[in-house]
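Read off the chains here:
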Amino acid sequence: MTVAPRFTFKNGTLHAEDVSLATLAKEYGTPLYVYSRAALQDAWESYARALEGRKALVCFGMKANSNLAVLNEFARLGSGFDIVSGGELARVLAAGGDPGKVVFSGVGKQVWEMQAALEAGVKCFNVESEAELERLSRVAASSGRVAPISLRVNPDVDARTHPYISTGLKENKFGIAIERAPEVYRRAKSLPGLNIVGVDCHIGSQITEASPYLDALEKLIALILGLREDGIELSHLDLGGGIGIRYTDETVLQPVELFSQVFDRLDKAGLGHLELVLEPGRSLVGNAGVLLTEVQYLKHSEAKNFAIVDAAMNDLLRPTLYDAWHDVEAVNPRLVTDSTPVYDIVGPICESGDWLARERRMELHQGDLLAIMSAGAYAFTMSSQYNTRPRPAEIMVDGTRSYVVRERESIESLFQGENLLPQEQAIRTKES
Ligand SMILES: *Cc1c(COP(=O)(O)O)cnc(C)c1O
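Calculation criteria
- Residues numbered from 1 in each chain as written.
- Predicted model: local features only at pLDDT ≥ 70, side-chain atom pairs only at ≥ 80, totals over all residues.
- Heavy atoms only, no water.
- Helix = DSSP H or I, 4+ residues; strand = E, 2+ residues; numbered from the N terminus.
- Buried < 20%, exposed > 50% of the residue type's maximum accessible area, 1.4 Å probe, protein only.
- Contact = heavy atoms within 4.5 Å.
- Areas by Shrake-Rupley, 256 points an atom, 1.4 Å probe, with all protein chains shown as cover.
- Domains from an automatic or database assignment.
- Buried area = accessible area lost by both parts, 1.4 Å probe.
- Polar contact = N/O pair within 3.5 Å; in protein donor to acceptor, adjacent residues only side chain to side chain.
- Axes fitted to C-alpha atoms, helices over the stretch in contact; angles between N-to-C directions.
- Parallel < 35°, antiparallel > 145°, perpendicular 65-115°, else oblique.
- Left-handed = near helix turned anticlockwise from the far one by under 90°.
- Pairing = 2+ DSSP bridges.
- Right-handed = clockwise from strand over helix to strand, strands pointing away.
- Phe/Tyr/Trp six-rings, centres within 6.5 Å; stacked < 30°, edge-to-face > 60°.
- Core = buried A, V, L, I, M, F, W, Y, C linked by side-chain atoms within 4.5 Å.
- Nonpolar A, V, L, I, M, F, W, Y, C, P; charged D, E, K, R; others polar.

Draft legend 1. Layout of the overall build of the protein. Across its full length, the protein carries 12 helices and 21 strands. The principal-axis extents of the C-alpha atoms in the protein amount to approximately 70 × 70 × 40 Å. Evaluated residue by residue, the protein yields a buried proportion of 53% over its 432 residues. A separation of at least 24 residues holds for 70% of the contacts in the protein among residues at least 6 apart in sequence. Total accessible area computed for the protein in this model is approximately 19400 Å², and 49% of it derives from carbon and sulfur atoms.

Shown next, in the form of structure tokens:
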């Protein structure tokens, strides 16, 4: 019934594993992010099973959830990381991750980020443009290092997902058009400081069908075989992330099924020796977390009923940004009757776009606790402090225990580092 099997009702109260969400709300306050360690492990297992016996590396797409405890858990399970900034690299290192299992994606890599990644010894730079290739060559050569590289190619396939999270189409800013890739590989081969090791793509997010992956794979296989004729041998193929999760009733892709088809095609093409790299983000963490919030006010009007809660778009942006659906469960559900109202669940922020869920029939009272489900991915990591709202604490549940893996922010910390102007105004010239 529930989208998240580690979040279940026990004696009428929603629990994370064996811990009551009502108890957590009392202990740590709301809004509150709550994660399940077992759910992280379950998701990891689904990939581990799919890749068993093959040369493969899972690099968690950490922009989905970059809490150090989450990263550390995956690192201990053997995960690598797909990073998109120097800040994310610093988090991997702080969490005890292996830089040798890091792939560095992103269209805007700066010089300092390249230097930091070279120094850390990342597995691969996923290069997204020719200008980046030239810069990386200069940065590596000038520091006497060699940058392992892959080209992120854009296979021009439609992942049939939300336009904001579709990345493999010609009109997207990501990657190098696949037709141009052979030429760019030849250029890479001629540049100092670079070592060609792979090819990668990432066609989108929340993908629920196998066909876009398999279409992209076919195009990459053709590219790899063509490169071989040019004397360029790759050692890995990185198919990116993108596997969707169940937010409500979607049928989702199972890694075992998808990747057995991928391995079949690689074997048939004589490319079974390639290491398969994957960059799953959402599917490793999305259903391992909920956002816990308390109903502050109920507002009934002729046109609409609102449940105003203490979480908002600054805590969870996905509904506002993507029109995303999150299931909402009452922590202690009340009986729904014919006269139960339909509510929009909204936050206190001064924006009409500040909503978390729309048109939910729920019997609600002031003070009730709600769990916004499937809030483990692109949730806390996209949070802000808009309206000077401290970001929530993050809690990790493990069986009967709970741990604070990030403290709730204090209000003072939100304006630390801001400075007042001197009382005296500067002398101004006439023109200004
Ligand atoms: C965001 C991202 C991922 C993770 O995507 P999911 O849809 O969360 O699996 C992987 N690789 C790259 C390059 C990304 O930008």
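Draft legend 2. Examining the domain arrangement of the protein more closely. In terms of domains, the protein is made up of domain 1 (7–35 + 286–415) and domain 2 (106–278). Inter-centroid distance (C-alpha atoms) of domain 1 to domain 2 is 36 Å. Facing 10 residues of domain 1, the contacting portion of domain 2 comprises eight residues. Roughly 780 Å² of surface becomes buried between domain 1 and domain 2 when both sides are summed, with 55% attributable to carbon and sulfur atoms. Linking domain 1 with domain 2 are two residue pairs in polar contact (both at pLDDT 80 or more).

Draft legend 3. Representation of the packing of helix 4 (residues 86–94) against helix 5 (residues 111–120) within the structure. At a minimum axis distance of 9 Å, the contact between helix 4 and helix 5 shows a crossing angle of 25°. As summarised for this structure, helix 4 and helix 5 are arranged roughly parallel, according to the angle between their axes. Two packed elements cross with a definite hand, and for helix 4 against helix 5 that hand is left-handed. Of the residues in helix 5, those in contact with G86, G87, L89 and L93 of helix 4 are W112, E113, A116, A117 and A120.

Draft legend 4. The arrangement of the pairing of strand 5 (residues 56–61) in detail. Of all six residues that make up strand 5, five are buried, and the element is covered over most of its length. Summarising the sheet, strand 5 and strand 13 (residues 275–278) pair through three bridges and their orientation is parallel. Across the sheet, A56 pairs through a bridge with L276, a residue of strand 13. Taken together, the three bridges between strand 5 and strand 6 (residues 80–83) define a ladder with parallel strand orientation. Residue pairing in the sheet places F60 in a bridge with F81 of strand 6. Between the parallel elements strand 5 and strand 6, the chain passes through helix 3 (residues 68–77) in a crossover that is right-handed.

Draft legend 5. Spotlight on the environment of C59. Looking at where C59 falls in the secondary structure, it is placed in strand 5. Taking C-alpha positions, C59 is 29 Å from E409, a pair spaced 350 residues apart along the chain. Look past the residues within four positions of C59 in its chain and what remains in contact with it is S79, G80, F81, D82, K101, V103, V277, L278, E279 and P280.

Draft legend 6. The packing of aromatic side chains, seen in detail. In total, this model carries seven aromatic pairs according to the counting rule given. Look at W44 and F74: their rings are 6.2 Å apart centre to centre, the planes differ by 40°, and that puts the pair in the tilted class. Residue W44 is found in helix 2 (residues 37–51), and its partner F74 is found in helix 3; the two are separated by 30 residues along the sequence. The buried category is assigned to W44, whose relative accessible area is 10%. Note on F104 and F125: the rings are 5.9 Å apart at their centroids and 35° apart in plane angle, and the pair reads as tilted. Of this pair, F104 sits in strand 7 (residues 102–104) while F125 sits in strand 8 (residues 124–127), and the two are 21 residues apart along the sequence. You'll find F104 and F125 in the same group, each marked buried.

Draft legend 7. Geometry of the nonpolar core. By size, the foremost hydrophobic cluster in this structure holds 103 residues, and its most contacted members are F60, F81, F125, I149, Y185, L237 and F259. Both domains that furnish three or more residues to this core are identified here as domain 1 (7–35 + 286–415) and domain 2 (106–278). Ignoring anything within four residues of it in the chain, the contact list for I149 reads C124, F125, V127, L133, L136, A188, L194, N195, I196, V197 and G198. Among the nonpolar cores identified, the runner-up in size contains 20 residues, and V19, V34, V290 and A371 belong to it.

Draft legend 8. Expanded view of the packing of helix 8 (residues 211–229) against helix 9 (residues 255–268). In the contact formed by helix 8 and helix 9, the axes pass within 11 Å of each other and the chain directions differ by 20°. It follows from the interaxial angle that helix 8 and helix 9 lie roughly parallel. Pair helix 8 / helix 9 crosses with right-handed handedness. Listed contacts from helix 9 to Y213, L214, L217, E218 and I221 of helix 8 are L258, Q261, V262, R265 and L266. Broken down by class, the residue content of the contact of helix 8 with helix 9 amounts to seven nonpolar, one polar and two charged.

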